[in-house]
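# Descriptive analysis of the structure
Residues per chain, in single letters:
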Amino acid sequence: MAKTATVYIDGEILPENYIWPGEQATSLQRVRAQIQSAGEFDDILLYIYSPGGYCVEGWAIYDYLLTLGKPIRTVGYGQVASIATTFFMLGSDRQLSPNCEFMVHLPW
């Protein structure tokens, strides 16, 4: 039976040393910890609720998830904006909740 690693990207995307204790945020370190705690898995289910944040940290998370070489399904809810939209696009199967605010802006 296939095992799924469930990963949550919640809150602002920040480098770990920018996150205050108790703050709802996501960093590469936190994504790695979720993946490592899953053990062996066949695919990834990525839940995303984020206004975006630091692009460098976001691209590091994106690249890390790609290097795992596993199929990814994405679910966006609440808000998926800015760099968080790149995580959403990783999914071969993508779903947005009916009231999700999805925002892509022009990079400069």
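My aim in this report is to walk through the structure given alongside it, one point at a time. (Residues numbered from 1 in each chain as written. Predicted model: local features only at pLDDT ≥ 70, side-chain atom pairs only at ≥ 80, totals over all residues. Heavy atoms only, no water.)

### Observations regarding the pairing of strand 5 (residues 72–81)
Two strands pair when backbone bridges link them, and strand 4 (residues 43–50) and strand 5 are joined in this way by six bridges, in the parallel orientation. Residue pairing across strands places Leu46 opposite Thr74, the latter belonging to strand 5. The handedness of the strand 4 to strand 5 crossover, carried by helix 2 (residues 55–67), is right-handed. A crossover connection joins strand 5 to the parallel strand 6 (residues 93–96) through helix 3 (residues 84–89); in handedness this β-α-β unit is right-handed. As paired elements, strand 5 and strand 7 (residues 101–103) share three bridges and run parallel to each other. Paired with Val80 across the bridge in strand 7 is Phe102. (Pairing = 2+ DSSP bridges. Helix = DSSP H or I, 4+ residues; strand = E, 2+ residues; numbered from the N terminus. Right-handed = clockwise from strand over helix to strand, strands pointing away.)

### Some thoughts on the side chain of Thr74
Among the structural elements, Thr74 can be located in strand 5. For Thr74, a relative accessible area of 0% gives the class buried. Filtering out sequence-adjacent residues up to four positions away, Thr74 remains in contact with Leu46, Ile48, Phe87, Phe88, Gly91, Asp93, Arg94 and Gln95. (Buried < 20%, exposed > 50% of the residue type's maximum accessible area, 1.4 Å probe, protein only. Contact = heavy atoms within 4.5 Å.)

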